[in-house]
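Notes for the structure review
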Amino acid sequence: MNRSSKILRYVAKRLIQGIPIILAIVVMNFFLLNLAEGDAVDVLAGEAGSATPEYMEEMRKKFGLDKPLPVQLAVYLKNVVQLDLGRSHRHDMPVTELIVDRLWPTLLLMTSTIMLAVGFGILLGLFAAINLNTWKDAMISVFALITYATPLFWVGLMMIILFSIKNDWFPTSGMENSAAFYEGLDRVKDIAHHLVLPTITLSLFYLALYTRMMRASMLEQYGQDYVITARAKGLTERRITFVHVLRNALLPVVTMAGVQVGALIGGSVIVESVFAWPGLGMLAFESLFARDLNLLLGIFLLSSVLVVAVNLVVDIIYCFLDPRIEVN
Amino acid sequence: MNSFWNRFSRNKSAVLGLFILGLVVFMASIAGLIYPDDPFLYSRFPLSGPGVNGFLLGSDSIGRDVASGIAHGAKTSLLIGLIATLAAVFIGVIFGAFAGYYGGLVDDVLMRITEVFQTIPSFVFAILLVAIMKPSIESVVIAITVVSWPAVARLVRGEFLALKNREFVQACHTLGMGDVRIMMAEILPNCLSPIIVIGSLMVATAILIESGLAFLGLGDPNVMSWGFQISDGRSMLRVAWWICTFPGIAILITVLAINLVGEGLNDALNPRLRERN
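These figures come from a predicted structure and were not determined experimentally.

1. As for the overall build of chain B
When helices and strands are tallied, chain B shows 13 helices and 0 strands. Reading chain B from its N terminus to its C terminus gives the helix and strand order α-α-α-α-α-α-α-α-α-α-α-α-α. Along the first, second and third principal axes, the C-alpha atoms of chain B reach 75 × 45 × 30 Å. Taking all 277 residues of chain B together, 52% fall into the buried category. Once local pairs closer than 6 in sequence are excluded, the contacts in chain B between residues at least 24 apart make up 71%. Total accessible area computed for chain B in this model is approximately 12600 Å², and 64% of it derives from carbon and sulfur atoms. Distance between charge centres in chain B, computed from 18 positive and 18 negative side chains, equals 5 Å.

2. Section: the overall build of chain A
Assigned secondary structure in chain A consists of 13 helices and 2 strands. Taken along the three principal axes of its C-alpha coordinates, chain A extends 90 × 65 × 40 Å. Out of the 328 residues belonging to chain A, those deemed buried represent 44%. Taking all contacts inside chain A whose residues are at least 6 apart in sequence as the whole, residues at least 24 apart take part in 74%. Counting only carbon and sulfur atoms, one obtains 65% of the accessible surface of chain A, whose full area is about 17200 Å². Taken as two groups, the 26 positive and 27 negative side-chain charges of chain A have centres that lie 13 Å from each other.

3. Thoughts on the packing of helix H11 (residues 261-275) of chain A against helix H6 (residues 122-133) of chain B
In contact at an axis separation of 6 Å, H11(A) and H6(B) are set at 60° when each is read in the N-to-C sense. Accordingly, the angle class assigned to the pair H11(A) and H6(B) is oblique. Here A:Ile265, A:Gly266, A:Val269 and A:Ile270 of H11(A) lie close against H6(B), whose contacting residues are B:Phe123, B:Val124 and B:Ile127. Split into classes, the residues belonging to the contact of H11(A) with H6(B) amount to 6 nonpolar, 1 polar and no charged.

4. Remarks on the nonpolar core
If you look at the biggest cluster of nonpolar residues, it comprises 158 residues, and the most contacted ones within it are B:Phe125, B:Phe160 and B:Leu213. Per-element tally for this core: the top contributor is helix H12 (residues 241-269) of chain B, with 15 residues. Ranked by size, the runner-up nonpolar core spans 6 residues in total, among them A:Ile7, A:Tyr10, A:Ile316 and A:Cys319.

5. Points about the interface of chain B and chain A
With 37 residues of chain B at the contact, the number on the chain A side is 44 residues. With both sides pooled, the region where chain B packs onto chain A buries about 3600 Å², and carbon together with sulfur makes up 80% of that total. On the surface where chain B and chain A come into contact, there are 1 salt bridge. The salt bridge involving B:Glu263 is made with A:Arg212; its shortest N-O contact spans 3.1 Å. Seen at the junction of chain B and chain A, the total is 5 residue pairs in polar contact (both at pLDDT 80 or more). Of all the secondary structure elements, the ones that give two or more residues to the side of chain B that touches chain A are helix H5 (104-119), H6, helix H10 (192-215) and H12 of chain B. Residue composition of the side of chain B that touches chain A, grouped by class: 26 nonpolar, 6 polar and 5 charged.

6. Concerning the packing of helix H6 (residues 135-149) of chain A against helix H8 (residues 185-222) of chain A
All names here are of chain A. With their axes 9 Å apart at the nearest point, H6 and H8 run at an angle of 140° to one another. In this view, H6 runs oblique relative to H8, as classed from their interaxial angle. Remark: the crossing between H6 and H8 carries left-handed chirality. The residues of H8 that touch H6, namely those facing Asp137, Ile140, Phe143, Ala144, Thr147 and Tyr148, are Leu204, Phe205, Leu207, Ala208, Leu209, Thr211, Arg212 and Arg215.

7. So, the side chain of B:Asp65
Residues and elements named next belong to chain B. Considering the arrangement of structural elements, one finds Asp65 in the loop between helix H3 (31-34) and helix H4 (66-102). In this structure the side chain of Asp65 is engaged in a polar contact, spanning 3.0 Å, whose partner is the backbone nitrogen of Ala67. Setting aside residues no more than four positions away along its own chain, Asp65 makes contact with Tyr35, Phe55 and Gly58.

8. Observations concerning the packing of aromatic side chains
Taken as a whole and assessed by the stated rule, the structure comprises 17 aromatic pairs over all chains. Here B:Trp5 and B:Phe8 contribute two aromatic rings whose centre-to-centre distance is 5.7 Å and whose plane-to-plane angle is 25°, an arrangement assigned as stacked. In this pair, B:Trp5 and B:Phe8 both sit in helix H1 (residues 2-10), 3 residues apart, roughly one turn of the helix. Aromatic rings pair up to connect A:Phe300, B:Phe95, B:Phe117, B:Phe125 and B:Trp149 into one cluster.

9. Side note on H6(B)
Residues and elements named next belong to chain B. In this model H6 runs 16 Å from its N-terminal to its C-terminal C-alpha over 12 residues, within 8% of the 16 Å that 1.5 Å per residue would give. When you tally the buried positions in H6, you get 10 out of 12 residues, the bulk of the element. Buried within H6 we find Phe123, Val124, Phe125, Ala126, Ile127, Leu128, Leu129, Val130, Ala131 and Ile132. Just downstream of H6 lies Lys134, where phi reads positive at about 75°.

10. Here we look at the pattern of salt bridges
Residue and element names in this part refer to chain B. Across all of its chains, the model carries 7 salt bridges over all chains by this definition. In this structure, Arg157 and Asp107 form a salt bridge, with 2.7 Å as the shortest nitrogen-oxygen distance. Here Arg157, found in helix H7 (residues 137-163), pairs with Asp107, found in helix H5; they are 50 residues apart in sequence, far enough to count as distant. Take Asp107: its relative accessible area is 10%, and that puts it in the buried class.

11. Regarding the side chain of B:Thr254
Residues and elements named next belong to chain B. Counting through the fold element by element, Thr254 comes out in helix H12. Among the polar contacts listed, one links the side chain of Thr254 to the backbone oxygen of Ala250, at a separation of 2.7 Å. If we skip the residues at most four places from it in the chain, Thr254 touches Val24, Leu78, Ile207 and Trp226.

About the cut-offs
- Residues numbered from 1 in each chain as written.
- Chains lettered and ligands numbered in written order.
- Predicted model: local features only at pLDDT ≥ 70, side-chain atom pairs only at ≥ 80, totals over all residues.
- Heavy atoms only, no water.
- Helix = DSSP H or I, 4+ residues; strand = E, 2+ residues; numbered from the N terminus.
- Buried < 20%, exposed > 50% of the residue type's maximum accessible area, 1.4 Å probe, protein only.
- Contact = heavy atoms within 4.5 Å.
- Areas by Shrake-Rupley, 256 points an atom, 1.4 Å probe, with all protein chains shown as cover.
- Lys, Arg positive; Asp, Glu negative; His and termini not counted.
- Charge placed at Lys NZ, Arg CZ, Asp CG, Glu CD.
- Axes fitted to C-alpha atoms, helices over the stretch in contact; angles between N-to-C directions.
- Parallel < 35°, antiparallel > 145°, perpendicular 65-115°, else oblique.
- Nonpolar A, V, L, I, M, F, W, Y, C, P; charged D, E, K, R; others polar.
- Core = buried A, V, L, I, M, F, W, Y, C linked by side-chain atoms within 4.5 Å.
- Buried area = accessible area lost by both parts, 1.4 Å probe.
- Salt bridge = Lys/Arg side-chain N within 4 Å of Asp/Glu carboxyl O.
- Polar contact = N/O pair within 3.5 Å; in protein donor to acceptor, adjacent residues only side chain to side chain.
- Left-handed = near helix turned anticlockwise from the far one by under 90°.
- Phe/Tyr/Trp six-rings, centres within 6.5 Å; stacked < 30°, edge-to-face > 60°.
- Expected span 1.5 Å × (residues − 1).

Keep in mind these values describe shape, not function.
Here it is, written out as structure tokens:
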């Protein structure tokens with residue numbers, strides 16, 4: 001069998017592997033919803049102020065909440081497959097619609113964060129590996145250690161104190177200045193201006209992570225036989241580092257960027273709540289206060305699906321990038 | 001024991017970490033003595049700066065002492081971190097031990113379950129769990145445990161896979177020992193070192209998760225915690241920088257110290273690993 005059809009089979013296999021995981025998460029979602037105190041009817045009755053027990057019973061019948069649990073689960077599964085995640089009682093809108101509305105600010109924040117973290121992480125890691133065991137290397141290690149230990153929300157607040165309150169360089173919150181009605185390029189600039197602090201905050205942790213990984217990856221590659229061969233050929237250290245070692249060291253780091261996406265979603269809940277960035281994380285934060293469980297579960301489900309999807313895509317890209325990978 | 005300390009103390013930053021961690025534990029244990037009052041107790045002096053009106057680290061919007069909150073919050077953070085980690089290690093060891101020891105179908109089923117829990121974005125899951133169970137110390141501990149055990153399960157499974165066919169285990173089989181006894185009394189003690197290392201690092205992560213939950217308003221409303229202090233001081237950021245700043249430094253220092261100790265333990269318990277670096 002040739003390689004491309006092998007890869008195709010591998011992709012199909014991975015797709016099929018992803019389905020039970022998502023199914024398990026959906027089923028867990030259903031039971032979590034049932035675990036919560038009170039059901040949708042209680043919430044509705046609470047909002048209406050008063051409701052007779054007879055009326056509530058009728059409502060339960062209408063929503064199918066009087067049926068046995070397995071039947072309810074089947075209905076829930078059917079709804080999820082049809083992308084119906086129920087209604088958010090706080091916003092009085094279908095959850096799916098709300099989530100789709102708020103998806104793109106989060107994707108924007110995550111994309112810029114990954115690019116910043118991976119880009120600078122690679123540079124810093126490379127720099128540390130070249131200057132191994134010097135004070136520069138030590139400084140980078142200390143930076144990574146401290147960053148690992150710092151809570152994201154605190155970094156965000158300190159950024160606001162330093163760069164928004166003491167120096168009025170960046171806005172404290174939001175995604176754009178909606179009162180200014182910018183259009184076209186001005187609007188892009190405005191959003192980019194708002195994006196700076198949240199992106200730096202969210203990327204710090206991953207920056208430290210990728211720096212460490214890049215350094216380790218470089219050191220591992222320096223120990224390989226091909227480096228000795230290159231030296232024996234009389235290549236300069238500069239050429240060995242930048243042409244031979246760097247290329248091979250990049251691969252594992254780029255892959256790890258995908259694996260971290262689950263943690264990145266968690267981080268964006270925090271960062272979005274600090275900077276009032278109107279994405280999914282902020283939506284989750286708001287749903288906490290309104291006790292809007294349907295909405296929270298929807299966000300949770302979507303982020304889980306996102307993780308499965310990104311991991312799949314990264315695996316596939318990895319196969320194409322590195323022909324040595326066995327696809328069986 | 002002596003050689004362990006020799007190896008541990010070779011790593012100077014680990015010793016520093018242990019010293020700082022000792023200070024934090026000491027502060028937590030004497031919090032009730034130096035600040036006998038309830039840390040939620042408000043005073044007549046809101047928004048006093050550090051050193052003003054007798055507040056070492058200032059007071060917050062309703063005059064609560066920030067330093068007292070930090071001292072009492074240390075107890076919360078350390079306890080939650082420790083209990084959640086112990087629970088996660090317990091569950092992870094059971095899952096990993098059975099999966100690695102029995103292999104086959106048991107391994108498949110247990111590892112599929114672990115995989116699902118590893119795929120789920122852990123912090124979002126923790127938020128969801130606490131929101132459903134209502135915020136309290138117990139629900140926070142449960143949530144952190146639920147999102148932390150898979151890493152231990154994978155580690156323990158790997159160790160059990162590597163050890164289960166070794167001679168000493170075969171000897172146990174010939175002696176007629178039961179499976180559970182072989183797992184818990186014979187194999188487990190042989191993989192304690194990596195479990196201790198991962199456990200120590202997990203305490204640090206647990207403290208970070210706890211502070212994040214408390215920051216989002218998902219902490220126990222009756223217990224003082226660093227995350228709560230920071231989220232409470234958020235609205236006063238413009239006028240009172242100290243309310244948010246000092247509890248954050250407390251988290252940073254504590255987590256850093258635990259991480260340093262964890263790395264020191266790693267060096268001391270896995271000398272072979274160290275040489276590879």
